[in-house]
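The lines below spell out each chain.
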Amino acid sequence: MASFHVRSISLPKNSHPLTLAVEEQLCQLEASSSISQNLSGLKKLYECVEDFLSTQDGECLDSGLDGSIKVLDVCSIAKDVLSQMKQSVQEVQSSIRRSNEVSEYMISRKKITKVIRKCLSDLKNKKIDTESSILREVEATTLAILESLLSFVSEPKQNKSFISKLILNKRVAHKCDEETSEVMKVDIAVKALTKGIEVNNVQKTLKALELTLEDLEDKLEVVFRCLIKNRASLLNILNQ
């Protein structure tokens, strides 16, 4: 799975302990190497942010309100993408058992990838806020993790010669590199099936992806609830 890197702000040594707690969680997230771990880390991060918010006044938090909407929007898209992807995987498992028919899965993948690429493009085209603050850093880190998640699920731009070589050798499911994601393994195997090539353990590969998607979906739902709570806290403080 993809990793991410975001700029870390430099806090003064006399920073409030709750601010330091947020910064510590940010550092732990940057050191993490899996999307699943990152999503779990986001839950811990936003728990620290909730404590941090309780020490701030409205003027300090105003800049975080717009960012909270942006993060919620992207998280909502990611939730929909994971749900659709899991449903497609379940449907193709059923279809393969019946007739090796995978055309619906291919159509669904293209639709999902189109949504993802638009979202990723929108993220890249958004104006970067150069303001340095702990809430901006939280926003940037969250968006980086969500971007990593969307990139993981997106249909990869495969090297055609690589795919052709795998198909000709008729060992698609077993020749995938260990670093290849479950999504890519399924895409390679399904594309082989469309060419009439029998791929061993396709169902096993599909099941592994389904379990991965379920794990990510569950953890993302927890993050989404944290984001909603975070925005509610911001609004309550600003309205006081």
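Structure: above.
What counts as what
Residues numbered from 1 in each chain as written. Predicted model: local features only at pLDDT ≥ 70, side-chain atom pairs only at ≥ 80, totals over all residues. Heavy atoms only, no water. Core = buried A, V, L, I, M, F, W, Y, C linked by side-chain atoms within 4.5 Å. Buried < 20%, exposed > 50% of the residue type's maximum accessible area, 1.4 Å probe, protein only. Helix = DSSP H or I, 4+ residues; strand = E, 2+ residues; numbered from the N terminus. Contact = heavy atoms within 4.5 Å. Disulfide = S-S within 2.5 Å. Salt bridge = Lys/Arg side-chain N within 4 Å of Asp/Glu carboxyl O. Axes fitted to C-alpha atoms, helices over the stretch in contact; angles between N-to-C directions. Parallel < 35°, antiparallel > 145°, perpendicular 65-115°, else oblique. Left-handed = near helix turned anticlockwise from the far one by under 90°.

A. Highlighting the nonpolar core. With 60 residues, the main nonpolar core has Val22, Leu45, Tyr46 and Tyr105 as its most contacted residues. At the level of elements, α1 (17-31), α2 (35-53), α4 (63-99), α5 (103-125), α6 (134-153), α9 (182-194) and α10 (202-238) are the ones that each hand at least two residues to this core. Residues in contact with Val22, not counting those within four places in the same chain, are Leu45, Cys48, Val49, Phe52, Ile134 and Val138.

B. Spatial organisation of the state of the cysteines. Counted according to the given criterion, the structure contains 0 disulfides. Cys226 provides the cysteine sulfur closest to Cys75, a residue in no disulfide bond, and the two sulfurs are 9.6 Å apart.

C. Region of interest: the pattern of salt bridges. Using the criterion set out here, one finds 10 salt bridges in the structure. Among the ionic pairs, Glu139 bridges to Lys70, the shortest N-O distance being 3.0 Å. Of the two residues, Glu139 is situated in helix α6 and Lys70 in helix α4; the sequence distance between them amounts to 69 residues. Close ionic contact of Lys207 with Glu210 constitutes a salt bridge, the shortest N to O distance being 3.3 Å. In this pair, Lys207 and Glu210 both sit in helix α10, 3 residues apart, roughly one turn of the helix. Looking at Glu210, the relative accessible area reads 7%, which means it is buried.

D. Spotlight on the packing of α5 against α9. The N-to-C vectors of α5 and α9 enclose an angle of 135°; their axes lie 10 Å apart at closest approach. Between α5 and α9, the angle falls in the class oblique. α5 and α9 meet at a crossing whose hand is left-handed. Of the residues in α9, those touching α5 at Tyr105, Met106 and Arg109 are Val183, Val186, Asp187, Val190, Lys191 and Thr194.

E. Representation of the environment of Ala208. Among the secondary structure elements, Ala208 is positioned in helix α10. For the pair Ala208 and Val186, spaced 22 residues apart in the sequence, the C-alpha separation amounts to 9.4 Å.

Function-wise, these values are silent; they only describe arrangement.
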